[in-house]
Amino acid sequence: MSKLEPFVNDFIPYAQKYMKFDRAPTIQYLSDQDNAAKTLGRTAYYDPNSYTVGLYVDGRHPKDVLRSLSHELVHHTQNCRGDLSGPNVAAEEGYAQSNPHMREMEREAYETGNLCFRDWEDARRDYLQENNYFGRRNVMSTKRWKDKELNRLLMEKWGYKSE
C-alpha cells in the first residue's frame, strides 16, 4: 500500500480535472483473500449512496488497481451528474447486459476510465524519466525522442542534413 498510495494521491486530482466530478469520493482499500483467490473475483466497486470507491488490493499489480480506480471514478462522475439515480438505474445481477442505460454507463466507464488512466500514466512516466526517478542517466522521454527523430527526418527530407 505504501507504494500505491502516492500514485493514487497523484491520480485522483488528475482524474477529477479530466472527468470533471465536483466532489471527492471516499477511497477504501479492501483486503479479501477469498476474493483474491477467485479468478473472476471482484476488483473494485462504487457505492453511489456513500460516494465510496472500494478497491480490492490483495494479489494485484498496483497498475491494475489504479486502472480499476479510474473505472470506478467514472461511475463516481456519473453519480455526481445524476446519471445513477432514477427509474433506469438498477444494480441487479446482469444489469450491464440487460439494462440499456446501465450498459451505456459501463461503456462510458470502460472507455473514459481507460483513456484517462492511459493519459495520466504516459504523462507521469515522462515526468519520472525526465527527473531521473528511475536512476538512469540521460533519460529522454518517449515524446521528446519522437519529436527529435521526426525533426531529424523532416530536415533530411528538406535537404538540411545535420552532422
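Residues numbered from 1 in each chain as written. Predicted model: local features only at pLDDT ≥ 70, side-chain atom pairs only at ≥ 80, totals over all residues. Heavy atoms only, no water.

If you check the backbone angles, K20 has positive phi at about 65° while not being a glycine. Counting through the fold element by element, K20 comes out in the loop between α1 (5-19) and β1 (26-30). Even without being glycine, Y51 reaches a positive phi, approximately 55°. Along the chain, the position of Y51 falls in the loop between β2 (44-47) and β3 (52-56). For Y51, a relative accessible area of 22% translates into the label partly exposed. (Helix = DSSP H or I, 4+ residues; strand = E, 2+ residues; numbered from the N terminus. Buried < 20%, exposed > 50% of the residue type's maximum accessible area, 1.4 Å probe, protein only.)

Let's shift gears to the pattern of salt bridges. Applying the stated criterion to the full structure yields 13 salt bridges. Residue R67 is joined to D64 by a salt bridge in which the shortest nitrogen-to-oxygen separation is 3.9 Å. Of this pair, R67 and D64 both sit in helix α3 (residues 62-81), separated by 3 residues, roughly a single helical turn. When its relative accessible area of 30% is taken as the criterion, R67 is described as partly exposed. For D64, a relative accessible area of 30% gives the class partly exposed. For D122, the salt bridge is made with R118, and the minimal N-O distance between the two is 3.2 Å. Taken as a pair, D122 and R118 lie in helix α5 (residues 100-130) at a separation of 4 residues, close to a single helical turn. Under the relative-accessibility criterion, R118 is labelled partly exposed at 49%. (Salt bridge = Lys/Arg side-chain N within 4 Å of Asp/Glu carboxyl O.)

Moving on: the side chain of N35. Here N35 is to be found in helix α2 (residues 33-37). Given the relative accessible area of 10%, N35 is considered buried. With near-sequence residues (within four places) excluded, N35 lies in contact with G41, R42 and Y56. (Contact = heavy atoms within 4.5 Å.)

If a strand is regular, its side chains alternate between the two faces of the sheet. Counted residue by residue, β3 has 5 buried out of 5 residues, so it is predominantly covered. Sheet topology places β1 next to β3; 5 bridges connect them, and they run parallel. Bridge pairing in β3 places L30 opposite Y56. Where β2 lies against β3, 4 bridges are found, and the strand directions are antiparallel. Looking at β3, one finds that Y45 is bridged to G54. (Pairing = 2+ DSSP bridges.)

Our focus in this paragraph is a nonpolar patch on the surface. Together, L150, L154, M155, W158 and Y160 line one region of the surface with nonpolar side chains, adding up to about 530 Å² of accessible area. When you line up the elements, Y160 lands in the segment after α6 (142-157). (Patch = residues over 30% accessible without salt bridge, like charges linked within 9 Å, V, L, I, M, F, W, Y side chains within 5 Å. Areas by Shrake-Rupley, 256 points an atom, 1.4 Å probe, with all protein chains shown as cover.)

What follows concerns the nonpolar core. It is characteristic of soluble globular proteins that their nonpolar side chains tend to be buried jointly. By size, the foremost hydrophobic cluster in this structure holds 24 residues, and its most contacted members are F11, A15, M19, L69 and L73. At the level of elements, α1, β2, β3, α3 and α5 are the ones that each hand at least two residues to this core. In terms of residue count, α5 provides more of this core than any other element does, 6 residues in total. For A15, the residues in contact, after removing those within four places along its chain, are K20, F21, L73 and C116. (Core = buried A, V, L, I, M, F, W, Y, C linked by side-chain atoms within 4.5 Å.)

Turning next to the sheet that holds β1. Across the sheet, 3 strands lie side by side as β1-β3-β2; this open sheet has mixed pairing. Across the chains shown, the open sheet's two edge strands, defined by having one partner strand only, are β1 and β2. Taken over all neighbouring pairs, the strand axes of this sheet differ in orientation by 20° on average, direction set aside. (Axes fitted to C-alpha atoms, helices over the stretch in contact; angles between N-to-C directions.)

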